[in-house]
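Working through the structure, step by step
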Amino acid sequence: MSLELRQQLKLAQKLVMTQQLRQAIQLLQMNRLELTTALQAEMEQNPMLEEVDRTLEPSGPEALSAVEEAGNADVEMLITGQVAGDSPAAVGEVNWEDYANNFEADFSFAHETPPADAPSRFDFTSAAPGLTAFLAWQLTHLSLTEADMEIARCILGNLDGHGFLEAEIADICAETGCPEKEAEAVLRLVQSLDPPGIAARTLQESLLLQLERKDMEDTLTWQIVTECMDELAGRNFAAIARRTGSTAREAQSAAAVLAELTPYPGNEYSNEQTRYITPDVYVLKVGDQLVVSLNNEELPEVRLSAAYQELLDNKKAAPDPATKEYLQEKKRNAQLLLNALDYRKSTICRVMESIVKFQPEFFIKGPSALKPLVLSDVAQELGVHESTVSRATANKYAHTPQGLYELKYFFSTAATTDADTGEELTAVSIKQRLGQLIRAEDAAKPYSDSKLADMLEAEGIKIARRTVAKYREQMKILPVKHRRRKD
């Protein structure tokens, strides 16, 4: 059989990813921050797009009345937009000393006892000082040589967010070229700074440093931390008593002192800022109905530029062919973007309305009433593909009467079936009931995982003991031996 090249016609159907479809998909899966950034970038590149000014500016007769009501000094500013003193002749009359970086004498950091309403010096910093800055400030008050200061800076640079030293002494010596004895001495110096327990290499060392600061080296608490960390983690006071030669009550009282210490001393000085979530959609309870409303606040509202449209439509002063073709191309791109934004809004709103339809009891009773729901259920009801529902719910949040939830939260498969009612239960509802049982238990005799499984089975929720353990770990609830408390 010989090989040859030839042309052949073939009829086939396939989905073509057009520019409009690609843009609609990209916008749909963006969250609010990403969408805001994308719109700002598009407005910078496309002159046919402009942001709608949401402030109500007076126009026509209202503008005239505003000018008439303004004083003579303000009329020129309203017409020309120029503020008094902006003219070149008036520049020399400006007292530039008023703009110098001189703080007023009544600021908080100008007095030892500042006024109660005076601003703090931290109001003028770009970022709040963290643990490293706090420790470095303390080091400046010590008489250290340049070599010791270099070692100290190396130690501070290797502290994690909890205040623990992540580097070994050998690593510090290799970095600074100092002997091991000198590195150990500087480390002890750093460990003497505030907060107590800083620059420890282990949790045990951190606790010992804090006890040393309290002058408790010769106490039973010190002995417990030194010799019985494993037993202490399991709250096995009987074993602690045997190893330390004390009674179980004395061991428990000595271990109670550790509750006053800070296991992670660096957390208090964390300068991480809280990231607040802005909901993409609201679910409001109006009377007996649940109403879905999109959150359009703080999102730039874009539209076609009226000035450039007028330029295109003006036949008397029409631009040159190259400019006209450029503006027409940008207008088509802008219209595609506006259509994609409308599609994004309608899709998110429809998806949320479908979720409300499938989960009405959740918005009234809470997470315990969450029913099994998968993407295909919503997709089938809306007549779209599952991937569309997945993109519409990705990284988006809804503000509901029960709180703020990610849209993905409402999708959960059935974990088991209620033996009494035959109703399918989700893992979320089972975790809610499991948490209620653990919160109601006796602290002296907490429930084991087997006991919790039996109690749930008595209520018609049949799950295995290992499933109870898995849910408990996901809820960050300690095992029974760590939950046991004795008075």
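Right, let's walk through the structure included here. For every chain, the first residue of the written sequence is number 1, and numbering continues from 1 onward in sequence order. Local features are withheld for residues below a pLDDT of 70 in this predicted model, meaning they are given only at 70 or higher, and side-chain atom pairs are given and counted only at 80 or more; totals for whole chains, interfaces and linings count all residues. To obtain the side-chain values, all non-hydrogen atoms of the structure were included, while hydrogens and water were left out.

1. Topic: the pairing of strand S2 (residues 281-286)
In this scheme, strands are said to pair when DSSP sees at least two bridges between them. Put simply, DSSP marks the helices as runs of H or I at least four residues long and the strands as runs of E at least two long, and each gets a number from the N terminus on. Where S2 lies against strand S3 (residues 289-294), six bridges are found, and the strand directions are antiparallel. Following the sheet pairing, Val281 is matched in S3 by Leu294. Between S2 and S3, which pair antiparallel one after the other, the connecting turn spans two residues, and Gly287 there sits at a positive phi close to 70°. Summarising the sheet, S2 and strand S5 (residues 397-400) pair through two bridges and their orientation is parallel. Its bridge partner being in S5, Val281 is matched across the sheet by Ala398.

2. Focus: helix H19 (residues 386-393)
Any residue under 20% of the maximum accessible area for its type is buried, any over 50% is exposed, and the rest in between are partly exposed; the area is computed with a 1.4 Å probe on protein chains only. Those residues of H19 not exposed but buried are Thr388, Val389, Ala392 and Thr393. Within H19, the buried residues cover an arc of 125° as seen down the axis, which keeps them to one side. It only takes one pair of heavy atoms within 4.5 Å for two residues to be counted as in contact. Residues of H19 that are buried make contact with helix H1 (19-28), helix H16 (321-358) and helix H18 (375-382). Positive phi appears at Asn395, one or two residues downstream of H19, with a value of about 55°. Taking the helix axis as origin, the arc is that swept by the directions to the C-beta atoms.

3. Let's talk about the environment of Gln191
Summarising the element assignment, Gln191 is placed in helix H9 (residues 180-191). Residues Gln191 and Leu209, 18 residues apart in the sequence, show an inter-C-alpha distance of 7.7 Å. Setting aside residues up to four positions removed in sequence, Gln191 forms contacts with Ile198, Ala199, Ala200, Arg201, Glu205, Leu209 and Arg213.

4. A short note on the pairing of S5
The alternating pattern of S5 places Ala398 and Thr400 on a buried face, while none of Tyr397 and His399, on the opposite face, is buried. In terms of strand pairing, S5 meets strand S6 (residues 403-406) through four bridges, oriented antiparallel. Bridge pairing in S6 places Thr400 opposite Gly403. Linking two consecutive strands that pair antiparallel, namely S5 and S6, is a turn of two residues.

5. Some points on the nonpolar core
One broad rule of soluble globular proteins: the nonpolar side chains tend to lie buried together. In terms of nonpolar packing, the biggest core is built from 25 residues, with Val351, Met352, Phe363, Val378 and Phe410 touching the most fellow members. Where this core is concerned, the elements lending two or more residues are S2, H16, helix H17 (362-365), H18 and H19. Residue contributions to this core peak at six residues, all from H16. Look past the residues within four positions of Met352 in its chain and what remains in contact with it is Val281, Val283, Val292, Phe363, Ala398, Leu407 and Phe410. What makes a nonpolar core is a set of buried Ala, Val, Leu, Ile, Met, Phe, Trp, Tyr and Cys residues whose side-chain atoms join them at distances within 4.5 Å. Counting 23 residues, the second-largest nonpolar core is a separate cluster that includes Ala152, Ala167, Val186 and Ile198.

6. Details of the packing of aromatic side chains
Note on aromatic pairs: the rings of Phe, Tyr and Trp (six-membered ring only in Trp) are paired at centre separations within 6.5 Å, and the planes decide the class, stacked below 30 degrees, edge-to-face beyond 60, tilted for the rest. Under the counting rule described, the total for this entry stands at 10 aromatic pairs. Here the aromatic rings of Phe362 and Tyr409 are separated by 6.1 Å at their centres, their planes lie at 55°, and the arrangement is tilted. Here Phe362 is found in helix H17, whereas its partner Tyr409 is found in the loop between S6 and strand S7 (414-417), with 47 residues between them in sequence. Residue class for Tyr409 comes out partly exposed when judged on its relative accessible area of 25%. A ring pair is formed by Tyr405 and Phe410, whose centres lie 6.2 Å apart and whose planes are at 55°; its orientation type is tilted. Grouping residues by exposure puts Tyr405 and Phe410 together as buried. Three or more aromatic residues joined by ring pairs make a cluster, and in this case those are Phe362, Phe363, Tyr405, Tyr409 and Phe410.

7. Re unusual backbone geometry
Put simply, Asp194 and Pro195 share a cis peptide bond, and its omega is 0°. Structurally, the position occupied by Pro195 is in the loop between H9 and helix H10 (203-213). Residues other than glycine seldom take positive phi values, yet Asp215 does so here, at roughly 60°. Turning to its location among the elements, Asp215 is positioned in the loop between H10 and helix H11 (220-227). Asp215 gets classed as exposed once you look at its relative accessible area, which sits at 65%. Phi angles above zero are rare outside glycine, and Lys476 is one such case at about 60°. One can find Lys476 in the loop between helix H22 (465-474) and helix H23 (480-483). Exposure remark for Lys476: the relative accessible area of 75% places this residue in the exposed category.

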